[in-house]
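Chains, contacts and geometry: an overview
Residues per chain, in single letters:
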Amino acid sequence: RSSRHHANNPQYQYRRRSTNNSTTSTSALNGVIACLSGLDYDHKNELHTIITQLGGKYSGALDAGCGITHLVIDETEGSVKYRFVQQILADEEEKGDKEDMMKRWARDLKIVT
């Protein structure tokens, strides 16, 4: 097969050869725990594969207790998970309580669209 075919295939795109010629995953996303929302089934599966191949983890639930570091969404409008994070941040601003664990988590969460 041509390298052009492999360049468009996520199964090959994020793999590299180790010195002993076996295929290994990279660890570029080590420490990342991503939650995906609002994406169609195929896109969600593709991103799940890429995230895990690059050393990250995936969680279907958006929960501070799970250590989610990134929320990947199709768009902000209509996203229940995005609205959840925004509500936590709005409550923090209104109450001035910056020490709450949920609020610290929401502030640190990376949102990718």
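Below: a short report on this structure. The model shown is predicted, which means the values in this text are computed figures rather than measured ones.

Taking 1.5 Å of rise per residue, 16 residues should cover 22 Å, and helix α4 (residues 80-95) covers 22 Å from first to last C-alpha, within 8% of that figure. For α4, the full list of buried residues reads Lys 81, Val 85, Ile 88 and Glu 92. For α4, the arc enclosing every buried residue in end-on projection is 55°, short of the 170-degree limit, so these residues lie on one face. Relative to its buried face, α4 has exposed residues pointing more than 90 degrees away, namely Val 80, Glu 93 and Glu 94. Looking at the packing, one finds that the buried side of α4 touches β3 (33-37), β5 (70-73), α5 (101-108) and β6 (110-112).

Attention now goes to the pairing of β5. Of the strand pairs in this sheet, β3 and β5 are connected by four bridges, and their pairing is parallel. When the sheet's bridge partners are listed, Ser 37 is paired in β5 with Ile 73. Relative to β6, β5 runs parallel, the two sharing three bridges. When the sheet's bridge partners are listed, Leu 71 is paired in β6 with Ile 111.

Here we take up the side chain of Ser 79. As for its placement among the helices and strands, Ser 79 is situated in the loop between β5 and α4. For Ser 79, a relative accessible area of 6% gives the class buried. Among the polar contacts made by the side chain of Ser 79, one reaches the main-chain amide nitrogen of Tyr 82 at a distance of 3.1 Å. Setting aside its immediate chain neighbours within four residues, Ser 79 contacts Ser 37 and Ile 73.

Basis of the calculations
- Residues numbered from 1 in each chain as written.
- Predicted model: local features only at pLDDT ≥ 70, side-chain atom pairs only at ≥ 80, totals over all residues.
- Heavy atoms only, no water.
- Helix = DSSP H or I, 4+ residues; strand = E, 2+ residues; numbered from the N terminus.
- Expected span 1.5 Å × (residues − 1).
- Buried < 20%, exposed > 50% of the residue type's maximum accessible area, 1.4 Å probe, protein only.
- Arc of directions from axis to C-beta.
- Contact = heavy atoms within 4.5 Å.
- Pairing = 2+ DSSP bridges.
- Polar contact = N/O pair within 3.5 Å; in protein donor to acceptor, adjacent residues only side chain to side chain.

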